[in-house]
Amino acid sequence: MDVLDLAWSSNGEYLASCSIDSRVLLWNMKSRTAMMTPMRVLTGHSNWVKGVAWDPVGRFLASASEDRRVIIWRAQDWGIEAEIAAPFQDVTAQTFFMRLVELYMSR
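Just so we're clear, the structure is a prediction, and the values are computed from it rather than from any experiment.

S.K.: Give me the overall build of the protein chain: which residues, what numbers.
M.R.: Within the protein chain, the regular secondary structure consists of one helix and eight strands. Start at the N end of the protein chain and walk to the C end: the helices and strands fall as β-β-β-β-β-β-β-β-α. Of all 107 residues assigned to the protein chain, the portion counted as buried reaches 31%. Of all intrachain contacts in the protein chain linking residues separated by at least 6 positions in sequence, the fraction that spans at least 24 positions is 30%. Total accessible area on the protein chain stands at roughly 6900 Å², and carbon and sulfur atoms take up 55% of it.

S.K.: So what's going on with the pattern of salt bridges? Which residues, and what values?
M.R.: Oppositely charged side chains may form a pair once their charged atoms are brought near each other. Going through the model one piece at a time under the given rule, you end up with six salt bridges. With a shortest N-O distance of 2.9 Å, Arg69 and Asp67 are connected by a salt bridge. Each of the two residues, Arg69 as well as Asp67, counts as buried. Two residues, Glu81 and Arg74, come together in a salt bridge whose shortest N-O distance is 3.3 Å. Note on Glu81: relative accessible area 43%, which makes it partly exposed.

S.K.: Which residues make up the packing of aromatic side chains, and what values do they have?
M.R.: One pass over the full model with this rule turns up one aromatic pair. On the numbers, 6.0 Å between centres and 75° between planes, the contact of Trp54 with Trp78 is edge-to-face. Taken together, the residues span a long stretch of sequence, with Trp54 in strand β5 (residues 49–54) and Trp78 in the loop between β7 (70–74) and β8 (80–84) at a distance of 24 residues. Here Trp78 falls in the buried class, since its relative accessible area comes to 10%.

S.K.: Could you give me a rundown of the nonpolar core, with the residues and numbers involved?
M.R.: Ranked by internal contacts, the top residues of the largest apolar core, which has 13 residues, are Val24, Leu26, Leu42, Val52, Trp54, Leu61 and Trp78. Of all the elements in the fold, those that place two or more residues in this core are β2 (14–19), β3 (24–28), β5 and β7. Excluding anything up to four places from it in sequence, Val52 contacts Asp5, Leu6, Ala7, Ala16, Cys18, Val24, Leu61, Ala62 and Ser63.

S.K.: Lay out the pairing of β8 with the relevant residues and their values.
M.R.: As defined by bridge partners, β7 adjoins β8 across four bridges and the pair is classed as antiparallel. Counterpart to Val70 in the pairing with β8 is Ile84. Counting the residues that bridge the hairpin from β7 to β8 gives five residues, and of these Trp78 lies at a positive phi of roughly 60°.

S.K.: I'd like to hear about the sheet that holds strand β6 (residues 60–65), residue by residue, with values.
M.R.: Taken in spatial order, the four strands line up as β5-β6-β7-β8 in an open sheet, and their pairing is antiparallel. Looking along the sheet, the strands with just one partner apiece sit at the ends: β5 and β8. Going from strand to strand, the sheet's axes swing by 15° on average, the running direction of each strand aside. Of the pairings in the sheet, the one linking β6 to β7 comprises five bridges and is antiparallel in character. Pairing of Leu61 across the sheet is with Trp73, part of β7.

Rules behind the numbers
- Residues numbered from 1 in each chain as written.
- Predicted model: local features only at pLDDT ≥ 70, side-chain atom pairs only at ≥ 80, totals over all residues.
- Heavy atoms only, no water.
- Helix = DSSP H or I, 4+ residues; strand = E, 2+ residues; numbered from the N terminus.
- Buried < 20%, exposed > 50% of the residue type's maximum accessible area, 1.4 Å probe, protein only.
- Contact = heavy atoms within 4.5 Å.
- Areas by Shrake-Rupley, 256 points an atom, 1.4 Å probe, with all protein chains shown as cover.
- Salt bridge = Lys/Arg side-chain N within 4 Å of Asp/Glu carboxyl O.
- Phe/Tyr/Trp six-rings, centres within 6.5 Å; stacked < 30°, edge-to-face > 60°.
- Core = buried A, V, L, I, M, F, W, Y, C linked by side-chain atoms within 4.5 Å.
- Pairing = 2+ DSSP bridges.
- Axes fitted to C-alpha atoms, helices over the stretch in contact; angles between N-to-C directions.

Spelled out as structure tokens, the structure:
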């Protein structure tokens, strides 16, 4: 799993990570053990998740993906609060990372 971004919750209890496998993983940092497993896996995106950010109070987590959507997750039950796609639909440029992968795969 190639991690693209990390974000700590405001209280330091949770860590969110995102990666090229289209998932957001949530880690409970209060119960650290030698073999940590994610406490929750969020699977609403259809392409690489390239960024995660918590709101200042810790009620929501936002994830941004190469699928041209931002998903707002409720920390209360990890359901989807909102999906934001309209501002990103006309964007045609790929990220620099995606261009590097395509270049590498074309060899």
